[in-house]
Amino acid sequence: MTVRTRFAPSPTGFLHIGGARTALFAWAYARRHGGSFILRIEDTDVARSTPEAVQAILDGMQWLGLAHDEGPFYQMQRMDRYRQVIGEMLAAGSAYHCYMSKEELDALRAEQEARKEKPRYDGRWRPEPGKILPAPPTDVLPVVRFCNPKEGVVAWDDQVKGRIEFANSELDDFIIARGDGTPTYNFCVVVDDRDMAITHVIRGDDHVNNTPRQINLLQALGAAVPQYAHLSMILGDDGQKLSKRHGAVSVMQYDDEGYLPEAVLNYLARLGWSHGDEEVFSMEQFVRWFDLDHITASAAQFNTEKLNWLNAHYLKLADPQRLAGEVARRLARQQVAIADGPDLVRVVALYRDRAGNLNELADAVHPFYAAPKPTAEMCSQHLTAAALDGLDALRGRLSACDWQAPELGKVVKETAAAVGLKMPQLAIPLRVALLGLPQSPGIDAVLEVLGRERVLARLAAVLPA
RNA sequence: GACCCUAUCGUCUAGAGGCCUAGGACAAUACCCUUUCACGGUAUGAACCCGGGUUCGAAUCCCGGUGGGGUCGCCA
């Protein structure tokens with residue numbers, strides 16, 4: 001049997017971190033087993049679904065590199081199919097029209113809550129042998145309800161949580177089509193999962209309670225029941241539930257914040273899944289290792305610090321050429337011109353070991369492309385008379401020497417010795433003069449990359465004429 | 001409230017009855033490296049929610065409690 005998984009977001013907002021992990025796991029499982037990963041857009045909530053949200057989800061998936069094999073399928077384009085199945089169920093007696101008005105339903109719920117009961121439909125329009133139904137009112141558009149079994153239990157072996165059982169007595173006859181004839185979520189999911197021959201439903205924990213209804217529906221339709229794997233939630237950094245108004249951010253925001261997709265992916269893979277002590281791995285390795293047996297059943301708290309560490313790690317490994325492209329985009333956004341400056345790829349290579357993210361990298365690289373702007377304190381602290389003498393002497397030697405890092409390092413050292421300064425006493429003023437900062441990577445490398453002309457010009461700017 | 005799920009260092013987790021004096025990673029602390037700041041290296045502290053069972057033996061199995069979470073829509 002070919003494995004077929006799906007990711008089925010509803011386009012009511014961006015792709016957030018929880019959705020991204022669900023997609024990642026479903027994608028990895030299909031890849032792992034040589035199966036297919038299907039993208040399905042559950043847009044039947046016309047009021048809340050937007051094309052922008054669809055695009056945001058697609059963008060997020062693309063940024064992460066989670067390619068689907070089939071789809072995207074849009075549920076709104078499958079209305080005819082849903083209506084057809086509803087007709088079949090009505091004909092077969094596994095569904096029925098219910099003429100209860102919303103007001104009546106609200107009243108029923110209020111009553112039940114007052115009695116501290118679980119609110120549920122009481123089955124008043126359910127056809128039953130020997131039961132006499134009232135005459136259908138003419139002013140109510142009937143909904144269609146599913147004839148849920150009244151007795152017994154529904155159970156499944158959840159691939160992450162183990163066996164889960166629900167008594168049918170806990171379930172009511174839920175609505176599968178609204179008064180206007182449009183189908184509802186649980187129904188569409190079932191028809192789609194069946195039509196798309198989904199073998200493994202990997203989704204969020206919040207769907208556990210829908211599962212028994214969907215299984216009953218599947219069985220009423222005579223369809224095979226897929227395997228289910230319910231992933232627990234991801235909590236925010238503060239241990240609170242993630243929601244639109246609290247901490248939930250778009251995966252694209254990680255792009256804005258300078259994270260590399262491979263770092264986000266690696267982090268997400270490790271959040272709720274493990275392979276022994278492995279912490280850092282590529283997506284190829286992940287796909288080779290991924291299974292449903294090692295998924296954690298309890299909720300996990302998001303830890304930005306660990307993500308940061310992974311991001312810094314992947315930054316060190318990344319191709320400078322690629323990094324330069326990312327940094328260039330960020331500098332352009334800040335109106336920093338790089339055309340006349342040193343080779344960005346070389347500058348980036350100098351800093352990629354020391355930056356936590358692409359934005360930091362862009363900031364670190366910035367001084368190479370702008371006139372140094374040391375603060376007054378920096379100047380008074382580092383550009384002392386003795387230091388300026390040293391820089392002056394250095395300028396002379398630098399104007400003639402061989403322009404290679406090892407040679408440059410030697411020149412700085414020798415100059416320091418010649419003017420009676422310790423290395424830091426010359427190197428730090430030099431950094432302030434060149435970059436406007438007291439810290440930088442090795443001064444020899446900075447000199448080399450910056451280039452003789454720019455170095456001499458920047459020295460001239462701090463030295464008295 | 002009802003139903004369902006869940007519980008190992010601050011955090012992510014390893015752990016499928018003896019391999020556990022509970023391992024790894026992030027974070028923290030200390031030291032080392034070093035021309036500065038980082039990076040890196042080494043080391044240290046830090047956990048099996050509680051109570052009952054089962055067993056020769058339980059972090060691991062069972063029951064109860066407590067904590068946390070999810071769901072109870074003509075939303076998905």
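**What to know about the overall build of chain A**
Then, number 1: What chain A contains, in helices and strands, is 19 helices and 12 strands.
Then, number 2: Computed over its C-alpha atoms, the radius of gyration of chain A comes to 32 Å, more than 25% above the 23 Å expected for a compact globule of 465 residues.
Then, number 3: Reported as C-alpha extents along the three principal axes, the dimensions of chain A are approximately 110 × 45 × 40 Å.
Then, number 4: A sequence separation of at least 24 residues applies to 75% of the contacts in chain A between residues at least 6 apart.
Then, number 5: Accessible surface computed for chain A: about 22,200 Å², of which carbon and sulfur atoms make up 51%.
Then, number 6: One way to put it: in chain A the 51 positive side-chain charges average out to a point 1 Å from where the 60 negative ones average out.

**Overview of the protein's contact with RNA strand B**
Then, number 1: Taken together, 64 residues are adjacent to RNA strand B, and Asp45, Arg178, Glu279, Arg354 and Ser440 come closest.
Then, number 2: Of what RNA strand B places within 4 Å of the protein, 69% of the atoms are sugar or phosphate.
Then, number 3: One of the side-chain N or O atoms of arginine 48 is found 3.1 Å from a base oxygen in RNA strand B.
Then, number 4: A distance of 3.0 Å separates a phosphate oxygen of RNA strand B from a polar backbone atom of tyrosine 185.
Then, number 5: Of all the elements in the fold, those that place two or more residues in the surface near RNA strand B are helix H4 (102–114), strand S7 (162–167), strand S12 (300–301), helix H10 (304–317), helix H17 (423–435) and helix H18 (443–450).
Then, number 6: Element by element, the count of residues in the surface near RNA strand B is highest for H17, at five residues.
Then, number 7: For the surface near RNA strand B, the class distribution of residues is 21 nonpolar, 18 polar and 25 charged.

**Some thoughts on the pairing of S7**
Then, number 1: Where strand S6 (residues 153–158) meets S7, six bridges bridge the pair, whose relative direction is antiparallel. Residue pairing for S7: valine 153 is matched across the bridge by alanine 167.
Then, number 2: The turn linking S6 back onto S7 is made up of three residues.

**Considerations on the pattern of salt bridges**
Then, number 1: By the definition in use, this model includes 34 salt bridges.
Then, number 2: Here arginine 40 and glutamate 42 are joined by a salt bridge, their closest N and O atoms 2.9 Å apart. By the burial criterion, arginine 40 is buried, and glutamate 42 matches it.
Then, number 3: Measuring nitrogen to oxygen at the nearest pair gives 2.9 Å for the salt bridge that ties aspartate 45 to arginine 48.
Then, number 4: Through salt bridges with shared partners, one network takes in Arg6, Arg40, Glu42, Arg78, Arg81, Asp192, Asp193, Arg194 and Asp195.

**Considering the sheet that holds strand S5 (residues 143–146)**
Picture the strands of a sheet paired through backbone hydrogen bonds; they go either parallel or antiparallel.
Then, number 1: Taken in spatial order, the three strands make up an open sheet running S4-S5-S8, and their pairing is antiparallel. Of all strands in the sheet, those with a lone pairing partner are strand S4 (95–98) and strand S8 (175–177), marking the two edges. Strand-to-strand twist of the sheet, defined as the mean angle between neighbouring strand axes without regard to direction, takes the value 45 degrees.
Then, number 2: Relative to S8, S5 runs antiparallel, the two being bridged by two bridges. Bridge pairing links valine 144 to alanine 177 in S8.

**Looking at the layout of surface pockets**
Picture a little ball the size of a water molecule; that probe, rolled over the atoms, points out where space is still empty.
Then, number 1: Its volume calculated, the largest pocket comes out at about 1,400 Å³.
Then, number 2: Lining the largest pocket are 38 residues; nearest its centre among them are Ser10, His16, Gly19, Asp206 and His207.
Then, number 3: At the level of secondary structure, the elements contributing two or more residues to the lining of the largest pocket comprise strand S1 (4–7), helix H1 (17–32), helix H5 (185–195) and strand S9 (200–204).
Then, number 4: Looking at the lining of the largest pocket element by element, the count peaks at four residues for H1.
Then, number 5: Residue composition of the lining of the largest pocket, by class: 14 nonpolar, 13 polar and 11 charged.

**Some remarks on the domain arrangement of chain A**
Then, number 1: Along its sequence, chain A is carved into domain 1 (1–68 + 232–317), domain 2 (81–177), domain 3 (319–369) and domain 4 (376–462).
Then, number 2: Taking only C-alpha atoms into account, the centre of domain 3 sits 22 Å from that of domain 4.
Then, number 3: Across the boundary between the two partners, domain 3 contributes 11 residues, which contact 11 residues of domain 4.
Then, number 4: Our enumeration of links across domain 3 and domain 4 arrives at one salt bridge.
Then, number 5: Between arginine 346 and glutamate 448 there is a salt bridge whose closest N-O contact spans 2.7 Å.
Then, number 6: Across the domain 3-domain 4 interface, the total number found is four residue pairs in polar contact (both at pLDDT 80 or more).
Then, number 7: When grouped by side-chain class, the residues that make up the side of domain 3 that touches domain 4 number seven nonpolar, one polar and three charged.

Thresholds applied
- Residues numbered from 1 in each chain as written.
- Chains lettered and ligands numbered in written order.
- Predicted model: local features only at pLDDT ≥ 70, side-chain atom pairs only at ≥ 80, totals over all residues.
- Heavy atoms only, no water.
- Helix = DSSP H or I, 4+ residues; strand = E, 2+ residues; numbered from the N terminus.
- Rg over C-alpha atoms; globule rule 2.2 N^0.38 Å.
- Contact = heavy atoms within 4.5 Å.
- Areas by Shrake-Rupley, 256 points an atom, 1.4 Å probe, with all protein chains shown as cover.
- Lys, Arg positive; Asp, Glu negative; His and termini not counted.
- Charge placed at Lys NZ, Arg CZ, Asp CG, Glu CD.
- Near = heavy atom within 4 Å.
- Polar contact = N/O pair within 3.5 Å; in protein donor to acceptor, adjacent residues only side chain to side chain.
- Nonpolar A, V, L, I, M, F, W, Y, C, P; charged D, E, K, R; others polar.
- Pairing = 2+ DSSP bridges.
- Salt bridge = Lys/Arg side-chain N within 4 Å of Asp/Glu carboxyl O.
- Buried < 20%, exposed > 50% of the residue type's maximum accessible area, 1.4 Å probe, protein only.
- Axes fitted to C-alpha atoms, helices over the stretch in contact; angles between N-to-C directions.
- 1 Å grid on protein atoms, 1.4 Å probe; cavity = no way out; pocket = protein on both sides within 12 Å on 5 of 7 lines; lining within 4 Å.
- Points joined across faces, edges and corners; volume = space filled by probe spheres on them.
- Domains from an automatic or database assignment.

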